[in-house]
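# What the coordinates show
Chain by chain, the residues:
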Amino acid sequence: MRRRAVGTVHRRILTTAVLCAAGLLLAGCTAAGQAGGESGPGGDGTVKVGLVYSRTGLLAAYGKQYRDGFMAGLDHATKGTGEAGGHRIEVTEQDDAGDPGKAVAAAKNLIGKGYKVLAGTTDSGVALQMAPLAAQNKVLYVDGPAATDAVTGVNTYTFRSGRQSYQDILTAGTMLGDPKGRKVTVLAQDSTFGQANVAAVKAVLEAEGAAVDSVLAPPSATDLTPFARQVEAGGPDLVFVAWAGATAPALWTALDQQGVLSAGKVVTGLAGTASYPVFGAAGAKVSFLAHYFPGAGGGNAVEKAMIAGVEKEGGTPDLFSTDGFTAAQMIVRAVEEGGATDTAAMVKALEGWSFDGVKGRQQIRAEDHALLQPMFTARLKGVGASAVPELVSTQPMDAVAPPAKPAAG
C-alpha cells in the first residue's frame, strides 16, 4: 500500500513510485508511509483518496499512464497546494493487478479505514465489481480507463473519468459510411471489455441495417492466427477490432498475414504510443478511432498542463493519461463543492458539471453520470519507430453521446 499527501511530498515519493512502475512487475513495491492512521478526514482536514488500479498485470502499462495523469491532475487542479476546499488530499495507491477479487479486497480495506473517495480501475471486469461496492457503502467512486458501458448509470455513487465503448462505436460509425446491408465482424477478446464492444457495435450498426457477428478470442491466447483466419473466412465488409493488452502485436501480424487488412475496411481504437510501431506498413491500411493521443486536444491550456505535469515527473503522456487527469479534476471539484465527508453532496457537485478538460470541453451528464467528451479519428503516419498519429477529425461531445439511462440508485 502507498500513502502520501499531494504537494511537497509528491516529488519525494514519486521517485520511488517510478522505480516501482519501471518494470511493471513489482507487485509488492511500496513507497514511504504506512497504511492506517486516521480514518477519513482527520482533525487536520485531510481527505483520503484510494487509488485502486493495475500497477501490475496485463494492463499495467495503461495503469501507469492513468496514475501519472492522476498525479499531474491533482497538482494542476489544486494549483500546486495539494488542497481542495481547505482540505489536504492524501492518496493511497493499491495494486489490483487486474483481478476483481484483489480490487474488492483493497477497496473494502480502504472503506473500513474511513475512505470516502475511490478512483482508478483499468479493467472493465474490476469496475463492475467496484461500482456496487461504492453504492453499498455510499462512497464516491470514479472509474478510470475501464470502458464497459455497464458502468454508466449503474448507481448514484459511480462516475467515470474516461470514455465508454458506446462512444468508441459512435466514433467508428462516422468512418464507415452507410452500413445498410453490409456485414460487420467484431474481433475482440472474450472479456468484459470485448463483450461490451460487441454489444455496442450491434446496438449502433444493426439499428442502421448492418449484419453484425463476432469472433472472440480468450484473453490468454497467444497464437491468434486461427482467429484471424476465422475473420477472413467470414468475408466481412467491415472489421471492428477491440483489443487490449500485450498480445496486440501478435494480433496485427496475424491479421496482415491472413489478408484481413487488405480485404475490407478495418477500424480499431488507437492504443498507446508503444503500439504504433506494431502496425508496421499495415498501419496505413487501418482506420483509427481515438480516445486520446498527445496533441489531439489541439494544445488547449489543460492539455498543455497535463503534458507538462506528466513530463516534469519523468512520465510520458499517453492514451490514458487524460483519464487520470480528469479523475483528479473531478475529485477536487467534489471536495471543493461537496465537502470532505458528505458523499451525497459530492455526487450533487459533479452531476451536470461542465469543465475544460484535456480533450476539450466535457460534461458529466446528470441523469446517468456518462462523461460526455470529444472523440477523435486519426491515421498513422510513418512506419516503425517513426510512426505518429495525425488527427483526421474531432467529433463534438454531443455527436458521440451514448444513449441516456437513469442511474439505478
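See the structure above.
Residues numbered from 1 in each chain as written. Predicted model: local features only at pLDDT ≥ 70, side-chain atom pairs only at ≥ 80, totals over all residues. Heavy atoms only, no water.

## Things to note about empty space enclosed by the protein
Selection criterion: Using protein atoms alone on a 1 Å grid, points that fit a 1.4 Å probe yet trap it form a cavity, whereas open point sets bounded by protein on both sides within 12 Å along at least five of seven lines form a pocket; residues with an atom within 4 Å of a point count as lining. Grid points are joined across faces, edges and corners, and a volume is the space filled by probe spheres set on the points. Strands are runs of DSSP state E lasting at least two residues, helices are runs of H or I lasting at least four, and both sets are numbered from the N terminus onward. Gly falls in the polar group here, along with every residue not listed as nonpolar (Ala, Val, Leu, Ile, Met, Phe, Trp, Tyr, Cys, Pro) or charged (Asp, Glu, Lys, Arg).
A complete count under the given rule lists two cavities of 30 Å³ or more for this structure. A volume near 40 Å³ is recorded for the second largest cavity. Together, I169, A172, L176, V184, V201, L205, L238, V239, F240 and V267 line the second largest cavity. Elements with a contribution of two residues or more to the lining of the second largest cavity: α5 (165-173), α6 (192-205) and β10 (238-242). Among the elements that take part in the lining of the second largest cavity, β10 stands out by supplying three residues, more than any other. Along the lines of polarity and charge, the residues of the lining of the second largest cavity split into ten nonpolar, no polar and no charged.

## Structural notes on the nonpolar core
Here is the rule we go by: Buried Ala, Val, Leu, Ile, Met, Phe, Trp, Tyr and Cys residues that are joined via side-chain atoms within 4.5 Å together make up what is termed a nonpolar core. Here the term buried applies to any residue with accessible area under 20% of the maximum for its type, exposed to any over 50%, and partly exposed to those in between, with areas from a 1.4 Å probe on protein chains only.
Judged by nonpolar contacts, the single largest core of 51 residues is most densely connected at F70 and L140. It is helix α11 (residues 321-338) that provides the largest number of residues to this core, a total of seven residues. Core analysis: the next-biggest nonpolar cluster, separate from the first, contains 39 residues, A221, L224, A296 and L380 among them.

## Digging into the layout of surface pockets
Each pocket or cavity is described by its volume, and for the second largest pocket that value is around 240 Å³. As for the second largest pocket, its lining consists of 13 residues, of which H76, A77, K79, Q329 and W353 are closest to the centre. Only α2 (60-77), α11 and β13 (354-357) provide two or more residues apiece to the lining of the second largest pocket. If you tally residues by element for the lining of the second largest pocket, the top one is α11, at four residues. A breakdown of the residues in the lining of the second largest pocket according to their chemical character gives five nonpolar, four polar and four charged.

## What about the sheet that holds strand β14 (residues 360-364)?
Applied cut-off: Pairing between two strands is assigned when DSSP locates at least 2 bridges connecting them. When checking whether two residues touch, look at their non-hydrogen atoms; a contact exists if any pair is within 4.5 Å. Every axis corresponds to a line fitted to the C-alpha atoms, with the helix fit spanning only the stretch in contact, and the corresponding angles, defined between N-to-C directions, vary from 0 to 180 degrees.
Within the open sheet, the three strands sit side by side as β13-β14-β15. Their pairing is antiparallel. Each having just a single partner strand, β13 and β15 (371-372) make up the two edges of the open sheet. Running over the sheet, α11 touches β13, β14 and β15 and is turned about 145° from β13.

## Looking at the packing of α2 against helix α10 (residues 301-312)
Definition in use: Each angle gets one of four labels, with under 35 degrees taken as roughly parallel, over 145 as roughly antiparallel, 65 to 115 as roughly perpendicular, and the rest as oblique. Crossings are sorted by hand: turned counterclockwise from the far helix by less than a right angle, the near helix makes the crossing left-handed, and turned clockwise it makes it right-handed.
At their nearest, the axes of α2 and α10 sit 9 Å apart, and the two run at 115° to each other. In terms of orientation, α2 and α10 fall into the roughly perpendicular class. The hand of the α2/α10 crossing is right-handed. Residues D68, G69, A72 and H76 of α2 form the contact with α10, whose own contacting residues are A305, M306, G309 and V310. When grouped by side-chain class, the residues that make up the contact of α2 with α10 number four nonpolar, three polar and one charged.

## Regarding the packing of aromatic side chains
As a reminder, the rule being used: Stacked, tilted and edge-to-face are the three classes assigned to paired rings of Phe, Tyr and Trp, where Trp is represented by its six-membered ring and a pair needs centres within 6.5 Å; plane angles under 30 degrees give stacked, over 60 edge-to-face, the rest tilted.
All chains considered together, the criterion is met by five aromatic pairs. Residues Y62 and F320 carry aromatic rings whose centres are separated by 5.0 Å and whose planes lie at 80° to one another, so their mutual orientation is edge-to-face. Within this pair, whereas Y62 is found in helix α2, its partner F320 is found in the loop between α10 and α11, the two being separated by 258 residues in sequence. Judged by relative accessible area, which is 15%, Y62 ranks as buried. Overall, the relative accessible area of 6% leaves F320 in the buried class. Three or more aromatic residues joined by ring pairs make a cluster, and in this case those are W252, F279 and F288.

These figures come from the coordinates and say nothing about function on their own.
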